[in-house]
Each structure stands twice: as structure tokens, then as C-alpha cells.
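Structural overview for review
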Amino acid sequence: MHLTIVGSGYVGLVTGTCFSNTGNQVTCLDIDPERVATMLRGDCPIFEPGLSELMTLNIKAGRLHFTDDKTAGYADGELIFICVGTPTGADGRSDLSAVMAVARDIGHAIESGDCTVEHPVVVVKSTVPVGTTSKVREVIGGITNKPFSVADNPEFLREGDAIRDFQQPDRVVCGIEDDRSRELLTKLYEPYVNQANPLMFMDVESSEMVKYASNAMLAAKISFINEIARLADYYGADIARVREGMCADKRIGDKFLNPGLGYGGSCFPKDTLAVIEMGQDSGIPCLLNEAVHEVNQQQRHWFVNGVIRHYGDALAGKTLALWGLAFKPRTDDVREAPAQTIIEELLKRGTTIRAFDPIARHTFAKYGLDIEYVDDMYECLTGCDGLVVCTEWDEFRTPDFELMKDRLAAPVIFDGRNVWHDDNLHEQGFAYYSIGRRPLHQTCSAS
Ligand SMILES: NC(=O)c1ccc[n+]([C@@H]2O[C@H](COP(=O)([O-])OP(=O)(O)OC[C@H]3O[C@@H](n4cnc5c(N)ncnc54)[C@H](O)[C@@H]3O)[C@@H](O)[C@H]2O)c1
């Protein structure tokens, strides 16, 4: 099949590359000329494990193409996937301007004949509020009377595991309005689904809602465990034990119940806000989702407060090392990364920050924060008055603690991801603070 993928970000590029890998002819169209030039050189513009290798394979096989030229991009797409961003706008509402701009481009391509396919199917893969796919149909239909269909096909991949998630999805959800969409999407997804990992067809509105309901549920689990972790902290319980006891209950399970700095990234924060927005628009307040969002935002500040309590007035003038800038491991994505808030709060209080991240240093630099970037995780610690951990990268799991102690001016660790076990660290002479496993405020007020 011939596919056009509009938007070559974390979702579009993975989608295009994976579909080309199952034998389709794929053209990735993006308006960012720099990004397109990078891809035309055969380079991958984002960090996603395995993506670069898969791109190379399919470029060499002549199945994967890139362009910023709309005429070429829309020429032969039987299925046109919209994979552009849908961020939270300045007014707090979902910014659908990129989706609608693409809808207009598609309308003009169909009307002008640049799109040579007789009846293309336009598939919204971007995460969009319920009713958006319908609006996309109206926009295109307002430009052309030629035949086309619209469908919604939300994406559930996780950055860091995107290739595996795409190739072995738990399920593929398609919101459709006609048989043509069903037929083409069935053919396209056939290599990826089976009885246990089904392809589901439903109406467009339900499909749009599935994505939000899923992300809101996962976000709720994260905020839930973080709220319990704060209570554990206060009452002297150990959240690791609490979690163990709680998650042994099969009704609860253990996924997305890891205490930490809360969720970040380009999905959970904005998708939770979009659910709240849908609630406001419909007059059905989404109180639970409002609380989920609030708890998440507070979590970073709660953590910083622990750092402030440890140093007291002496915080100004201290230098802290910080490990982990990405919003999660195995990605260079720093959108809504907790590290940003934490660094800003510490800088405000006169702290100097030396930061290390295995991958995300360059993407983080766009925030323009006045911090020093260090290329080596141990060198980053040299002369610092403590270490703050914001991302649980694999390389942090079993570090050389002796070397860390040698490098740090003071052996103090604030572990925002519960990467290590506190008993070991206390025995090795570290002051070690983590989430919900040490009564931070009690320890600090006592010291
Ligand atoms: N990132 C994720 O993990 C993830 C997972 C599931 C769903 N989603 C959803 O997928 C959508 C895309 O997310 P993303 O993270 O890939 O975004 P992104 O910001 O990484 O990429 C968007 C791309 O679209 C391009 N673009 C913007 N306007 C365009 C236009 N008019 N024509 C052509 N290209 C255009 C941009 O240049 C950019 O390369 C969002 O709705 C997001 O919520 C993201």
C-alpha cells in the first residue's frame, strides 16, 4: 500500500518506519525543512531505541521516503495519517491548529488532483478531543466534493519502547465511518494483530475517547501512588512495602504504580488537561482528573521542599549535581520533564546546578536555563554538595557509590525515582532521601 504520514515526530516517524518495514511504500511529510534534511541524509532526528537502524533498513530497501513538498507528499497516499502535535495551547485548551492546517492541505491536494488516489482515507493518529475527526471531515469536505473518508486511529506507543509497542500492540483501535476505511485499515494492520492483540473497530467518537480514557487512567495511577507515598513519608511507612502488599492484589496489579516525581512528557500532562477541558465544555466536571493533575504538579514541589529542608538557609550558594533531564529513560524528549521545574526552583534559590543526562542534554538546552552540562556522570558530581536524581536511566542503577562519595563534597542524595535501596546507602555513609521511604520532613527537622 502507499501511505502518507504527515508529521515526523515521535509518533509519525515511528509509524512511517514501522509501516514501511511491513512492505508498504511510505512517504513522511513534514513542514520542518531541517528535520526533513536530517532524514534525507539517513539520520534520525529523535532518539528512540532501534528507530535509526529500522529507518536505515527501509530507506535502503526503497520503501521509506521523506519530503517537505506537499505536492510530492500527498501524491499517492491511499491512507494519509495525520501525526502532528496537539499541545496544550496558551489558553489551556488543546491546540488543534496543526491538525486543521493539515486537513486544509489534504483538502486542497484532493481537490487539485495533487493527490492522485481516487478515494483516500484520512486517518487521525494525533490524540484529539472527541469531535475533532468529524471537524477534519468538515474541513476537507468544505474544500472538495471528491470522495474521501476519515477515520481515527489513536496511538498508544511509549517513547523509549516505541518500536516494540508499535509492532506488538496490546490492541489497535480504529474509529471508522465506512467500509473503505475498515478494508484498508484491516489490510494495513494485519501483520500487527492477532486474537490476543486485536484490531478493534468502533465509531469515531468512541475511538477518540479510548485514547483519553486510557491515558487519564494511567495518569491517575501515578498520582494515586504519589499521594500515598507522601502519606507514607509523613507516617513513617515505607512505600516500597506498601506497594508490595497492595500490588499483590490481582485486582490492583503493579503497573504504573511507581512513586516518583510524577508524570511528564508530551502526553499525560496535556491529555489529562484535555479531559478536564472536555468536562468543562460539556458541563460535566471531571473532578477526579483535576485532582490527578493537581497532585502531579505538586509532587515536584513537594520533592524540592525536601531539598530545601535539608540545606535550610544554606541552600543559596550550594552546588548540586543533577542526573537525568529527560522526562523518562530511553528518550531525548524533555517536554514537561520534572527536571525542568526542579532546576528552576533550585536556581531561584541561588543554587548552582551541574547536570548530566546520557541523551537529553541537547534537547534540554533549548529551555535556556543557566546550568552547566557535564558529559560524564561521575565528573558531574565533582565538588557538589549533593546529588538530585530526576530520571531513572539504566546507567544509574548500579553506580560506583565509592567513587560517587569521593567526588561529592558532601554525600547527600535526593532520589526522585527511588532508584536505589536506602538501607545500603545509609550504611555507606550517604544521607539518602527518596520518595515515601524516609520521613523527609522529620529527618530534616531533626537535623
Ligand atoms: N510522543 C508520544 O509518545 C505520543 C504517543 C501517543 C500519541 N501521541 C500523540 O501523537 C501526536 C504527535 O505527537 P509527537 O510527540 O509525535 O509530536 P512531535 O512534536 O514530536 O511531532 C510533530 C511533527 O509534526 C510536524 N508538523 C507540524 N505541523 C505540520 C504540518 N502542517 N504539516 C506537516 N508536518 C507538520 C512537526 O514539524 C513535527 O515534526 C500528538 O497528538 C500526541 O499527543 C504522542
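Each value, and the rule that gives it
Residues numbered from 1 in each chain as written. Predicted model: local features only at pLDDT ≥ 70, side-chain atom pairs only at ≥ 80, totals over all residues. Heavy atoms only, no water. Domains from an automatic or database assignment. Contact = heavy atoms within 4.5 Å. Buried area = accessible area lost by both parts, 1.4 Å probe. Salt bridge = Lys/Arg side-chain N within 4 Å of Asp/Glu carboxyl O. Polar contact = N/O pair within 3.5 Å; in protein donor to acceptor, adjacent residues only side chain to side chain. Nonpolar A, V, L, I, M, F, W, Y, C, P; charged D, E, K, R; others polar. pLDDT = per-residue confidence, 0-100. Buried < 20%, exposed > 50% of the residue type's maximum accessible area, 1.4 Å probe, protein only. Helix = DSSP H or I, 4+ residues; strand = E, 2+ residues; numbered from the N terminus. Near = heavy atom within 4 Å. Areas by Shrake-Rupley, 256 points an atom, 1.4 Å probe, with all protein chains shown as cover. Core = buried A, V, L, I, M, F, W, Y, C linked by side-chain atoms within 4.5 Å. Phe/Tyr/Trp six-rings, centres within 6.5 Å; stacked < 30°, edge-to-face > 60°. Axes fitted to C-alpha atoms, helices over the stretch in contact; angles between N-to-C directions. Parallel < 35°, antiparallel > 145°, perpendicular 65-115°, else oblique. Left-handed = near helix turned anticlockwise from the far one by under 90°. Expected span 1.5 Å × (residues − 1).

**Re the domain arrangement of the protein chain**
- For the protein chain, the assigned domains read domain 1 (2–202) and domain 2 (230–446).
- If you average the C-alpha positions of domain 1 and of domain 2, the two centres end up 34 Å apart.
- Listed per partner, the contact involves 18 residues of domain 1 and 16 residues of domain 2.
- Summed over both sides, the interface between domain 1 and domain 2 buries roughly 1,400 Å², with carbon and sulfur atoms accounting for 46% of that surface.
- The largest per-residue losses of area from domain 1 upon contact with domain 2 belong to F47, R93 and E159, which jointly make up 40% of the total buried on that side.
- For the pair domain 1 and domain 2, the interface holds four salt bridges.
- Linking D281 and R93 is a salt bridge whose minimum nitrogen-to-oxygen distance equals 2.8 Å.
- The interface formed by domain 1 and domain 2 contains eight residue pairs in polar contact (both at pLDDT 80 or more).
- Here the residues of the side of domain 1 that touches domain 2 sort into seven nonpolar, six polar and five charged.

**Structural notes on the confidence of the model for the protein chain**
- Looking at the protein chain, the pLDDT average stands at 96 and 98% of residues meet or exceed 70.
- Residue range residues 441–447 is modelled with pLDDT below 50. Its contacts to residues more than four positions away, or to other chains, number nine contacts.

**Here's the deal with the pattern of salt bridges**
- Tallied over the full model, the rule gives 22 salt bridges.
- Linking R158 and D165 is a salt bridge whose minimum nitrogen-to-oxygen distance equals 2.7 Å.
- Exposure remark for R158: the relative accessible area of 34% places this residue in the partly exposed category.
- R349 is the salt-bridge partner of E345, the closest N and O atoms lying 2.9 Å from each other.
- Residue E345 is classed as buried on the basis of its relative accessible area, which comes to 11%.

**Considerations on the environment of M202**
- Tracing the chain through its elements places M202 in strand 8 (residues 199–202).
- For the pair M202 and T88, spaced 114 residues apart in the sequence, the C-alpha separation amounts to 27 Å.
- Other than its neighbours up to four places away in sequence, M202 contacts V173, C174, G175, I176, S207 and V210.

**What about the site of the ligand?**
- Looking at the ligand, there are 27 residues lining it, with V11, D30, T86, E159 and K270 nearest.
- Measuring from an oxygen atom of the ligand, one finds a backbone N or O atom of Y10 at 3.0 Å.
- Within the side chain of R35, a nitrogen or oxygen atom sits 3.5 Å from an oxygen atom of the ligand.
- Protein contact buries 89% of the 840 Å² of open area that the ligand shows by itself.

**Considering the nonpolar core**
- Counting residues in each nonpolar core, the largest one holds 60 residues, and the members touching the most others are W323, M404 and W420.
- Among the elements that line this core, the one with the most residues is helix 12 (residues 287–311), at five residues.

**Description of the environment of G279**
- Mapping G279 onto the fold places it in helix 11 (residues 268–282).
- For G279, a relative accessible area of 3% puts it in the buried group.
- Along the chain, G279 and P129 lie 150 residues apart, while their C-alpha atoms are 11 Å from each other.
- Those residues in contact with G279, other than ones at most four positions away along the chain, are I284, P285 and C286.

**Re the packing of aromatic side chains**
- Tallying each qualifying case throughout the model produces 19 aromatic pairs.
- With a centroid separation of 5.1 Å and an interplanar angle of 80°, the aromatic rings of F19 and F166 are classed as edge-to-face. Of the two residues, F19 is situated in helix 1 (residues 10–21) and F166 in helix 7 (residues 162–167); the sequence distance between them amounts to 147 residues.
- Taking the relative accessible area as the measure of exposure, F166 reaches 4% and is therefore buried.
- With 5.9 Å between their ring centres and 80° between their planes, F19 and Y192 make a pair best called edge-to-face. Taken as a pair, F19 in helix 1 and Y192 in the loop between helix 8 (179–189) and strand 8 lie far apart in primary sequence, 173 residues in all. The burial state of F19 is the same as that of Y192; both residues are buried.

**Some remarks on the packing of helix 9 (residues 204–235) against helix 11**
- Relative to each other, helix 9 and helix 11 sit at 115°, their axes nearing to 9 Å. It follows from the interaxial angle that helix 9 and helix 11 lie roughly perpendicular. For helix 9 against helix 11, the interelement crossing comes out left-handed. When helix 9 is examined against helix 11, the residues M209, K211, Y212, N215, A216, L218, A219 and I222 are found in contact with a partner set consisting of F268, D271, T272, A274, V275 and M278.
- Of the residues contributing to the contact of helix 9 with helix 11, the split by class is ten nonpolar, two polar and two charged.

**Digging into the environment of V26**
- Residue position: V26 is located in strand 2 (residues 25–29).
- The spatial distance from the C-alpha of V26 to the C-alpha of R63 is 6.0 Å, given a sequence separation of 37 residues.
- Not counting residues up to four positions away in its chain, the partners in contact with V26 are L3, I5, G16, F19, S20, R63, L64 and H65.

**Some remarks on unusual backbone geometry**
- For F256, which is not a glycine, the phi torsion comes out positive at approximately 60°.
- In this structure, F256 sits in the loop between helix 10 (239–247) and helix 11.
- Residue classification places F256 among the partly exposed residues on the basis of a relative accessible area of 30%.
- With phi around 50°, N418 is a residue other than glycine that occupies positive phi space.

**So, helix 1**
- Look at helix 1: 17 Å from first C-alpha to last across twelve residues, which is about the 16 Å you get at 1.5 Å a residue.
- Burial analysis of helix 1 places ten of its twelve residues in the buried class, the great majority of the element.
- Regarding helix 1, the residues found buried are Y10, G12, L13, V14, T15, G16, T17, C18, F19 and S20.
- Just downstream of helix 1 lies G23, where phi reads positive at about 100°.

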